[in-house]
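# Structural features, examined
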Amino acid sequence: MNEGIRYSKKIMDLFLHPKNVGELKDADGVGKVGSAVCGDIMVIYIKVAEQAGKKIIMDTKFRTFGCAAAIASSSMLTEMVKGKTLEEAEKLTWKDIEKALDGLPLVKTHCAVLAIDALKAAIKDYKQKLKGEKE
Amino acid sequence: MKRIYLDNAATTPVAKEVLEAMMPYFSEKFGNASSLHSFGRETRDAVENSREKISKKLNAKEHKIIFTSGGTEANNLALKGVAFANREKGKHIITTKIEHDCVLNACKWLEKKGFDVTYLNVDKEGFIDLNELENAIRNDTIIVSIMHANNEIGTIADLKVVGEICRAKGVYFHSDACQSFCKVPIDLKSFPVDLLTINAHKIYGPKGVGALVIGEGVKIDPLLHGGGHELGLRSGTENVPGIVGFAKAIDVIKEKDVEHMKRLRDMLIEGFSAIEESWLNGPKGDKRLCNNVNFTFRFIEGESLLLYLDSKGIAASTGSACSTRAVEPSHVLTAIGLTAADAHGSLRFSVGKENTEDEIKYVIDVVKESVESLRKISPLTKK
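Residues numbered from 1 in each chain as written. Chains lettered and ligands numbered in written order. Predicted model: local features only at pLDDT ≥ 70, side-chain atom pairs only at ≥ 80, totals over all residues. Heavy atoms only, no water.

### Brief notes about the pattern of salt bridges
Quick note on the threshold: A pairing counts as a salt bridge when a side-chain nitrogen of Lys or Arg comes within 4 Å of a carboxyl oxygen of Asp or Glu. Labels follow the DSSP assignment, with helices taken as runs of H or I lasting at least four residues and strands as runs of E lasting at least two, numbered in each case from the N terminus. When a residue's accessible area, from a 1.4 Å probe over protein chains only, is under 20% of the maximum for its type it is buried; when over 50% it is exposed; and in between it is partly exposed.
For the structure on display, the rule yields 28 salt bridges over all chains. With its nearest N and O atoms 2.9 Å apart, the salt bridge here joins Asp-13 of chain A to Lys-9 of chain A. Of this pair, Asp-13 of chain A and Lys-9 of chain A are both found in helix α1 (residues 9-16), 4 residues apart, which corresponds to roughly one turn of the helix. For Asp-13 of chain A, a relative accessible area of 38% corresponds to the partly exposed category. Judged by relative accessible area, Lys-9 of chain A falls into the exposed class, the value being 64%. Of the charged contacts, one joins Lys-262 of chain B and Asp-286 of chain B as a salt bridge, the two residues approaching to 3.9 Å between their closest N and O atoms.

Okay, here's the thing in structure tokens:
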């Protein structure tokens, strides 16, 4: 509890200069997770297009209320899923984010978990909207 | 990069004159203060002279000064020591919701051992209600523990008034004065305080040394048993260089330094007040500790702001503690009525006597920019 926290250079770079900050006005899926009580809220926006029969995440944006690890994790997630098919994106785990960030302090691993949860929520939202359109 | 230290409530640097006073007591005058030979006598003299000096500073002729390893130990000794020594009188303890963790966690431990603890509420500025205190004191109450100046929001309690209530009801009064010692006058001849915790590293002295000041006739048991040092209340070979440094440190903060810190404090408060959706936590003016500023900047999270500032060389502090799952909001800020989200968006800046007005101006500018940048990332920001 009192051991202090040290972040990798990658986390600090991404925290101070995050990529893909903002909203997608015409997003196909939005995922919001976390709560202010816990100190983290993440919102992930995805834009999906079909190319050669595959659904591809064309663009992503995020907004995060939270610590440096939360901001870096959500920024990294948006970088990682851009250009991926939905199938590929769904296979991502928090460990992939942790690895891409050159490690996360133990007490901050929940930030990467939260980023994955936000992505899953955005994909679910997209699928539900798609279902709604078909019906 | 130029670095600006605004975390003097966490710790202060050791003043040059303090270090110089300590130096002979490492390799040259190294004797065990309990030894009978000349090596021991010279360090015993140093310890007793230090005790005398601290006693004079507090006008505490009737009190004993028991040196400890710091504020945490002194607070633990006060609470556990008095609780166990007075079990036949009762098992009730009164404290507040905004004490330092070492007081709160000692109380929680005592609850597990069968004691009953009342945690008093505070108002939005961090003051207790004196009627609530009076009504909370029962026949089986043994001790009331209320801190002098709050470490997070700088609220200064009136030791005289609280002490008089406790004395009239016949219960011991303990106060943790780690943040206020040498910044706010404490006169134990006129303040009815039975136990007072003080330490060295918040007043330009070394870490690892503090004291519990104990009034005459207070029944208290030791935490540490051994060779019977410190009147049997704190066994263990005395930390002579630390004790000498502690006594030297009580002269470091002068009246003019207190005034200087107040000016810088009020500059920060005024500067931050210009930021939208932001506010000062704790009282203003003379009821606020001279070096404490605690501000809520809504819609952003404190650790992010802290690290943003750190990247520009500015050192501040959050009241939040990281747990394995998430971040716990500060117990002090929630006690004064902040929501968890607002408590998360709060930062403490504690100035020191060496800070300058130019530094404070720079800090205000950087804080404004940083809050703006982080609000652009936050989903909570109002559009």
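### Topic: helix α7 (residues 159-169) of chain B
Residue and element names in this part refer to chain B. Definition in use: Working note: the arc is built from the helix axis to C-beta atom directions. In what follows, a contact means two residues having at least one pair of non-hydrogen atoms within 4.5 Å. Nitrogen and oxygen atoms within 3.5 Å of one another constitute a polar contact, given that in protein one can donate a hydrogen and the other can accept it, and given that sequence-neighbouring residues count only through two side-chain atoms.
Those residues of α7 that sit buried are Leu-159, Val-162, Gly-163, Ile-165 and Cys-166. The buried residues of α7 occupy an angular sector of 160 degrees when projected down its axis, which confines them to one face. Contacts from the buried residues of α7 go to α6 (130-136), β5 (141-145), β6 (172-176) and β7 (195-199). Sitting at the head of α7, Asp-158 places a side-chain oxygen 3.1 Å from the backbone nitrogen of Lys-160. Following α7 by one or two positions, Gly-170 has its phi on the positive side, about 75 degrees.

### With respect to a nonpolar patch on the surface
Selection criterion: Patch members must show over 30% relative accessible area and no salt bridge, and they are joined within 9 Å when carrying like charges or within 5 Å when they are nonpolar side chains of Val, Leu, Ile, Met, Phe, Trp or Tyr. Accessibility throughout is a Shrake-Rupley quantity obtained with a 1.4 Å probe, and a residue counts as covered only by protein chains that appear here.
Judged by side-chain polarity, Val-14, Leu-19, Met-23 and Phe-26 of chain B come together as a nonpolar surface patch covering roughly 370 Å² of accessible area. For Val-14 of chain B, a relative accessible area of 35% gives the class partly exposed.

### What to know about the sheet that holds strand β14 (residues 346-350) of chain B
All names here are of chain B. Formally: We treat two strands as partners when DSSP finds at least two bridges between them. Helix axes are fitted only over the stretch in contact, all axes being lines through C-alpha atoms; the angle between N-to-C directions runs from 0 to 180 degrees.
With respect to topology, 3 strands assemble into an open sheet ordered β9-β10-β14, the strand pairing being antiparallel. Each edge of the open sheet is held by one strand with a lone partner, namely β9 (278-280) and β14. Looking at each pair of strands side by side, their axes are set apart by 25 degrees on average, direction ignored. Pairing of β9 with strand β10 (residues 292-297), which is carried by 3 bridges, proceeds in the antiparallel orientation. Residue Leu-280 lies in a different strand from β10, and its bridge partner there is Phe-295. Its contacts with the sheet place helix α9 (residues 255-273) against β9, β10 and β14, and it is angled at close to 10 degrees to β10. Of the strands in this sheet, β10 and β14 touch helix α10 (residues 302-310), which is tilted by about 45 degrees from β14.

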